Amino acid sequence: MDRISPAQRSKLMASVRSTNTRPELAVRRVLHRLGYRFRLHSNDLPGKPDVILPKWRVAVLVHGCFWHHHRRCPKATLPKSHVLFWTRKLNDNRRRDRKVQRQLNNLGWRVCVVWECEVADIETLAEALDQFIRQRPPGIV
Ligand SMILES: [Zn+2]
């Protein structure tokens, strides 16, 4: 049993989310090491992408496994109480993510989603990012 209400828990977890940028920092370090130039938190783009590479027209979204409901991920288990509340909330988050990705695509951005759990293996992450970015030649913005 949870001793705090869904609303309280939601607030608590939201505060955790906004301060915990560890996966995002890891992604930035990797991109830096690979020699890419990037910009952070682009307010003028849908969903404020965490990292964008303007030269390559690539937006990188770093997703927390719980909040963005990473399918089949051990970090994305539902809280045991208020299941309906959480199912709805996390499904809404996923829907919003898909919408943001569509909007970015429509504006000519390729979207790379990096999951929190993928950051644990930095070498694989670096290879995947590099490959994703270079699969198309750099565009003119
Ligand atoms: Zn995950």
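Look up a bit, the structure's there.
This write-up is about the structure you can find in this document. (Residues numbered from 1 in each chain as written. Predicted model: local features only at pLDDT ≥ 70, side-chain atom pairs only at ≥ 80, totals over all residues. Heavy atoms only, no water.)

**Topic: the coordination of the zinc ion**
Moving on, step 1. Within the first shell, the zinc ion binds the protein through Cys65 (SG), His70 (ND1), Cys73 (SG) and Cys117 (SG), at distances of 2.1 to 2.4 Å.
Moving on, step 2. One can describe the donor arrangement at the zinc ion as tetrahedral, given that its four donor atoms subtend angles of 101 to 116 degrees at the metal.
Moving on, step 3. Overall, His70 belongs to the buried group, its relative accessible area being 17%.
Moving on, step 4. Overall, the relative accessible area of 9% leaves Cys73 in the buried class. (Donors = N, O, S within 2.8 Å, 3.2 Å for Na, K, Ca; no water. Tetrahedral: all angles 85-135°; square planar, octahedral: opposite > 155°, others 65-115°. Buried < 20%, exposed > 50% of the residue type's maximum accessible area, 1.4 Å probe, protein only.)

**Here we look at a positive patch on the surface**
Moving on, step 1. A cluster of like positive charges, contributed by Arg71, Arg72, Arg98, Lys99 and Arg102, occupies part of the molecular surface.
Moving on, step 2. If you trace the backbone, Lys99 turns up in helix H3 (residues 83–106). (Patch = residues over 30% accessible without salt bridge, like charges linked within 9 Å, V, L, I, M, F, W, Y side chains within 5 Å. Areas by Shrake-Rupley, 256 points an atom, 1.4 Å probe, with all protein chains shown as cover. Salt bridge = Lys/Arg side-chain N within 4 Å of Asp/Glu carboxyl O. Lys, Arg positive; Asp, Glu negative; His and termini not counted. Charge placed at Lys NZ, Arg CZ, Asp CG, Glu CD. Helix = DSSP H or I, 4+ residues; strand = E, 2+ residues; numbered from the N terminus.)

**Regarding the packing of aromatic side chains**
Moving on, step 1. Going through the model one piece at a time under the given rule, you end up with five aromatic pairs.
Moving on, step 2. With a centroid separation of 5.6 Å and 85 degrees between ring planes, the pair formed by Phe66 and Trp67 is classed as edge-to-face. The same class applies to Phe66 as to Trp67, namely buried. (Phe/Tyr/Trp six-rings, centres within 6.5 Å; stacked < 30°, edge-to-face > 60°.)

**Some words on the pattern of salt bridges**
Moving on, step 1. Scanning all chains against the criterion turns up four salt bridges.
Moving on, step 2. Glu24 is paired through a salt bridge with Arg28; the nearest N and O atoms lie 3.3 Å apart. A residue pair is termed a helical-turn pair when its members lie 3 or 4 positions apart in one helix, as Glu24 and Arg28 do in helix H2 (residues 22–33) at four residues.
Moving on, step 3. Accessibility expressed as a relative area gives 23% for Arg28, which makes it partly exposed.
Moving on, step 4. For Glu123, the salt bridge is made with Arg33, and the minimal N-O distance between the two is 3.6 Å. Residue Glu123 is located in helix H4 (residues 122–134), and its partner Arg33 is located in helix H2; the two are separated by 90 residues in the primary sequence.

**Some details on the sheet that holds strand S1 (residues 39–40)**
Moving on, step 1. Ordered in space as S1-S2-S3-S4, the four strands form an open sheet in which the pairing is mixed. With partners counted over all chains shown, the strands left at the sheet margins are S1 and strand S4 (110–115), one partner each.
Moving on, step 2. Where strand S3 (residues 58–63) lies against S4, six bridges are found, and the strand directions are parallel. Bridge pairing in S4 places Val58 opposite Arg110.
Moving on, step 3. Against the sheet, H2 contacts S1, strand S2 (51–53), S3 and S4, and its axis sits at roughly 145 degrees relative to S3.
Moving on, step 4. Relative to S4, H4 is tilted by about 170 degrees, and along the sheet it contacts S2, S3 and S4. (Pairing = 2+ DSSP bridges. Contact = heavy atoms within 4.5 Å. Axes fitted to C-alpha atoms, helices over the stretch in contact; angles between N-to-C directions.)

**Overview of the nonpolar core**
Nonpolar side chains tend toward joint burial in soluble globular proteins.
Moving on, step 1. Core analysis: the largest hydrophobic core is formed by 18 residues, its most contacted members being Val27, Leu31, Leu53, Val60, Val114 and Leu129.
Moving on, step 2. Secondary structure elements with two or more residues in this core: H2, S2, S3, S4 and H4.
Moving on, step 3. Leaving out residues up to four positions away in the same chain, Val60 has contacts with Val27, Pro49, Asp50, Val51, Leu53, Cys112, Val114 and Leu129.
Moving on, step 4. By size, the runner-up hydrophobic cluster in this structure holds eight residues, among which are Leu45, Leu104, Trp109 and Val111. (Core = buried A, V, L, I, M, F, W, Y, C linked by side-chain atoms within 4.5 Å.)

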